Amino acid sequence: MRHSSPIKGADRVFAPLETLISRKIKAQNERLFAISLSILRFGADLRRILNNEPILARRPSIPYKVSKFAQRNKAIFGSACLITVLFVIGILWIGRERGRAFTESQTSQAVSGFMVQMLSSIEPNSAQGDEVTVRSVLDDATRRLDEGELSDQLEVNARLRLVIGKIYSTLGEYDQAIKQTKQALQTLVSLHGEEDLIVARAYASLAQFEIPAGRYSDAERNFLKASALFEKLGQPSILISDNGSLGHVYYWTGRFDDAERFFRDSLVVLNGAGPSKDARLGHALSALGSVLENQGKREEAIEYHRQGVAAQTAYYGPDHTETAEAYNDLGNTLLSVNRYDEALDAHLHCLNIRTRLLDASHPDMAVTMNNLAITYIRLDQSAKAIPMLLQTIDIRLESLGRFHPATCSSLGNLARAYMQSGQLEIALGAYNEAIEAAEQTVGQDHMMSMVFRANKGECLTKLGRYEEAQEVLSREYENAKRLFGETHFRTKIIAEQLADLHTKNRESVDAALCQERADPDRSGQKVFDEDDD
């Protein structure tokens, strides 16, 4: 969640950091002064100006020295600033809760001290020339906590782990985020018992990290537990946040009616909230748009997505990862109604934002490339889509593993791209792999599994293996009717795939019957793939 700007306790955080930096630079200046001749001072200062270093002709102030240090060490200073901001946010979050074992000042001082020690690893003399990343600093902090540091201050230890878990999640390191949050939760329950506000929030945070990790049953259980605790403590029991919700669990497990009800109820709760004041409004709008798309209510979905983009831009600004996500969701729905140029613009806008803000291997980059690749497939540009999907799959196998819905969707889309490019045998093998992964991940009756099996039937048609194609497509048409109804757009797409089969197999009577069942508004569009919302 978004927090207010740091005020209380900020001096305790930044004063040690300023002292650390100034001492190093001051020592260096004194050594230079001792060996310099006065006639060379002017030349030395010129060289220092060119190197973005403090000059010797005047006494450097701390802000002046810090600014020069930042110019010389942009990557290092950027990491330091990122960690500082995130931990200050964590300290403020800690400050919201009434301390049970420690006073506010004791907790803040303990966290500040731990943070400054973490930041010392970024200082060049401590780093010894090695590249220091946010991940390496977090790993070192986690190791120190695991080895017993702050073991005598359990409240501080637990709350630090909650903040570290949050930062891990922003890096796409969901397993580590879950591990740290579970350890913190166990400690907090031992200190406060189950019925405590910070414990309820920790359960909600854990559930939010479990969603992108694909642990949906765990996420649902923890969301329900958090919701029950909030209600018992007199707090709103509908949990909608910028990091995920029970509605997202319903969405990813194919329970779209439940998801729609959840997000509509959330919008009622948020009624009157201004988009620039409450981040949850934009997330609820975009999420409802994605649900409506999967229910076949696509024009209504586009309207909610546009409202979501406007709300996210109002709250986060135009150059933020959450704004990028809203554009991603809008692009997916535009694609579903064949508005390819608008969809391409939305996905390219999303890619531009994420490329500026994220590492190339971040899981959100995989989301963008997957959906942009689908757009290129629809535009009959599979040559652009295939390398994007291969890169996407590499990222997802590394960060999520094979048996995750997002990985499965990319495997299926790669098969589609190969089929469109005429590499039919490769496509058939890719569909078999995607089907196996999807059925083990989300189940045989999930929409994703059905989509991949139907597309495999289309591939068999293109290979001239008509009997096999007939068996597959007929079975999936009946499945679609049972799951979604005969008028659902997904059911109509399979009917269209059956019509193509019968046309190619010269069964004109059956082809005419199937074409009547197909959606006339989607004539000529037989692509059936999985985007990421």
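Residues numbered from 1 in each chain as written. Predicted model: local features only at pLDDT ≥ 70, side-chain atom pairs only at ≥ 80, totals over all residues. Heavy atoms only, no water.

Novice: Explain the overall build of the chain to me, and be specific about the residues and the numbers.
Specialist: From N to C terminus, the chain includes 25 helices and two strands. Sorting the 533 residues of the chain into buried and exposed places 53% on the buried side. A separation of at least 24 residues holds for 63% of the contacts in the chain among residues at least 6 apart in sequence. By element, 51% of the accessible surface of the chain is carried by carbon and sulfur atoms, the whole surface being about 24,100 Å². (Helix = DSSP H or I, 4+ residues; strand = E, 2+ residues; numbered from the N terminus. Buried < 20%, exposed > 50% of the residue type's maximum accessible area, 1.4 Å probe, protein only. Contact = heavy atoms within 4.5 Å. Areas by Shrake-Rupley, 256 points an atom, 1.4 Å probe, with all protein chains shown as cover.)

Novice: Outline the packing of aromatic side chains, supporting the account with residue identities and numerical values.
Specialist: If you walk through the whole model with that rule in mind, you get four aromatic pairs. Taking the centre distance of 5.6 Å and the plane angle of 90 degrees together, the rings of tyrosine 251 and tryptophan 252 count as edge-to-face. For the residue pair tyrosine 251 and tryptophan 252, the accessibility class agrees, reading buried in each case. Ring plane angle 80 degrees and centroid distance 4.9 Å describe the contact between tyrosine 315 and tyrosine 316, whose orientation is recorded as edge-to-face. (Phe/Tyr/Trp six-rings, centres within 6.5 Å; stacked < 30°, edge-to-face > 60°.)

Novice: Kindly report on the pattern of salt bridges, identifying the contributing residues and their values.
Specialist: Inspection of every chain in the model, using the stated rule, returns 28 salt bridges. For glutamate 260, the salt bridge is made with arginine 264, and the minimal N-O distance between the two is 2.9 Å. Linking glutamate 260 with arginine 264, this pair stays in helix 13 (residues 256-269), spanning four residues, or about one helical turn. Since its relative accessible area comes to 28%, arginine 264 is described here as partly exposed. Across the pair glutamate 300 and arginine 264 runs a salt bridge, and its minimum N-O distance is 3.1 Å. (Salt bridge = Lys/Arg side-chain N within 4 Å of Asp/Glu carboxyl O.)

Novice: So what about the side chain of histidine 192? Which residues, and what values?
Specialist: Following the sequence through the fold, histidine 192 ends up in helix 9 (residues 174-192). At 3.0 Å, the side chain of histidine 192 forms a polar contact with the side chain of glutamate 155. (Polar contact = N/O pair within 3.5 Å; in protein donor to acceptor, adjacent residues only side chain to side chain.)

Novice: Report on the environment of alanine 200, specifying residues and quantitative values.
Specialist: Inspection of the secondary structure assignment puts alanine 200 in helix 10 (residues 197-210). The buried category is assigned to alanine 200, whose relative accessible area is 0%. It is 9.3 Å that separates the C-alpha atoms of alanine 200 and leucine 185, two residues lying 15 residues apart in sequence. Contacts of alanine 200, omitting those with residues within four sequence positions, involve Ala226, Leu229 and Phe230.

Novice: Which residues make up the environment of histidine 404, and what values do they have?
Specialist: Note that histidine 404 resides in the loop between helix 19 (382-399) and helix 20 (405-420). The spatial distance from the C-alpha of histidine 404 to the C-alpha of valine 442 is 8.3 Å, given a sequence separation of 38 residues. Among all residues touching histidine 404, those that are not within four sequence positions of it are Ile211, Pro212, Ala213, Gly214, Tyr216 and Thr441. A distance of 2.7 Å separates the side chain of histidine 404 from the backbone oxygen of proline 212, its partner in a polar contact.

Novice: Requested: an account of the nonpolar core, with residues and values cited.
Specialist: Counting residues in each nonpolar core, the largest one holds 73 residues, and the members touching the most others are Ile211, Val249, Phe263, Leu267, Phe452 and Ile494. The biggest single contributor to this core is helix 21 (residues 424-441), with nine residues. With near-sequence residues (within four places) excluded, isoleucine 211 lies in contact with Tyr216, Ala219, Phe223, Gly244, Ser245, His248, Val249, Trp252 and His404. Counting residues in each nonpolar core, the second largest holds 32 residues, with Tyr168, Ala200, Tyr203 and Leu229 among its members. (Core = buried A, V, L, I, M, F, W, Y, C linked by side-chain atoms within 4.5 Å.)

Novice: Tell me about the confidence of the model for the chain, residues and numbers included.
Specialist: Overall, the prediction assigns the chain a mean pLDDT of 78, with 69% of residues at 70 or greater. The model gives residues 1-66 a pLDDT under 50, and that stretch makes 71 contacts with residues more than four places away or in other chains. The model gives residues 97-103 a pLDDT under 50, and that stretch makes 15 contacts with residues more than four places away or in other chains. (pLDDT = per-residue confidence, 0-100.)

Novice: Break down the side chain of threonine 333 for me, citing the residues and quoting the values.
Specialist: Positionally, threonine 333 belongs in helix 16 (residues 321-336). Side-chain polar atoms of threonine 333 contact the side chain of glutamate 293, separated by 2.9 Å. Each residue touching threonine 333, except ones within four places of it in the same chain, is listed here: Gly289, Glu293, Arg298, Ala301, Ile302 and His305.

Novice: Please set out helix 22 (residues 447-462) residue by residue, giving values where relevant.
Specialist: Counted at 1.5 Å a residue, the expected span for helix 22 with its 16 residues is 22 Å, and the 23 Å between its end C-alpha atoms agrees. In terms of burial, helix 22 is a largely internal element, 14 of the 16 residues being buried. Glycine 464 lies just past helix 22 and shows a positive phi near 80 degrees. (Expected span 1.5 Å × (residues − 1).)

Novice: Can you lay out the packing of helix 20 against helix 22 for me, pointing to particular residues and giving the numbers?
Specialist: At a minimum axis distance of 11 Å, the contact between helix 20 and helix 22 shows a crossing angle of 15 degrees. On the basis of the axis angle, helix 20 is roughly parallel to helix 22. Viewed along their axes, helix 20 and helix 22 form a crossing whose handedness is left-handed. Residues Pro405, Cys408, Ser409, Gly412, Arg416 and Met419 of helix 20 touch helix 22, and the partners they reach there are Met448, Phe452, Asn455, Glu458, Cys459 and Lys462. (Axes fitted to C-alpha atoms, helices over the stretch in contact; angles between N-to-C directions. Parallel < 35°, antiparallel > 145°, perpendicular 65-115°, else oblique. Left-handed = near helix turned anticlockwise from the far one by under 90°.)

Novice: Lay out the packing of helix 16 against helix 17 (residues 340-357) in plain terms, naming residues and giving numbers.
Specialist: Their axes nearest at 8 Å, the elements helix 16 and helix 17 cross at an angle of 160 degrees. Classified by the interaxial angle, the pair formed by helix 16 and helix 17 is roughly antiparallel. Relative to helix 17, helix 16 is oriented so that their crossing is left-handed. On the side of helix 16, the interface is formed by Thr321, Ala324, Glu325, Tyr327, Asn328, Gly331, Asn332, Leu334 and Leu335, while helix 17 contributes Tyr340, Glu342, Ala343, Ala346, His347, His349, Cys350, Ile353, Arg354 and Leu357. Classifying every residue of the contact of helix 16 with helix 17 by side-chain character gives ten nonpolar, six polar and three charged. (Nonpolar A, V, L, I, M, F, W, Y, C, P; charged D, E, K, R; others polar.)

Novice: Quick one: what's the story with helix 14 (residues 279-294), residue by residue and with numbers?
Specialist: Compared with the 22 Å implied by 1.5 Å per residue over 16 residues, the 24 Å span of helix 14 between its first and last C-alpha is a close match. Here helix 14 lies mainly inside the structure; 15 of its 16 residues are buried. Note on helix 14: the residue one or two positions beyond its end, glycine 296, has a positive phi of about 90 degrees.

Novice: Which residues make up the environment of tyrosine 250, and what values do they have?
Specialist: Tracing the sequence through the fold places tyrosine 250 in helix 12 (residues 246-252). Linking tyrosine 250 and glutamate 220, residues 30 residues apart in sequence, is a C-alpha distance of 8.4 Å. Beyond its immediate sequence surroundings of up to four residues, tyrosine 250 is in contact with Glu220, Arg255, Phe256, Asp258, Ala259 and Phe262.

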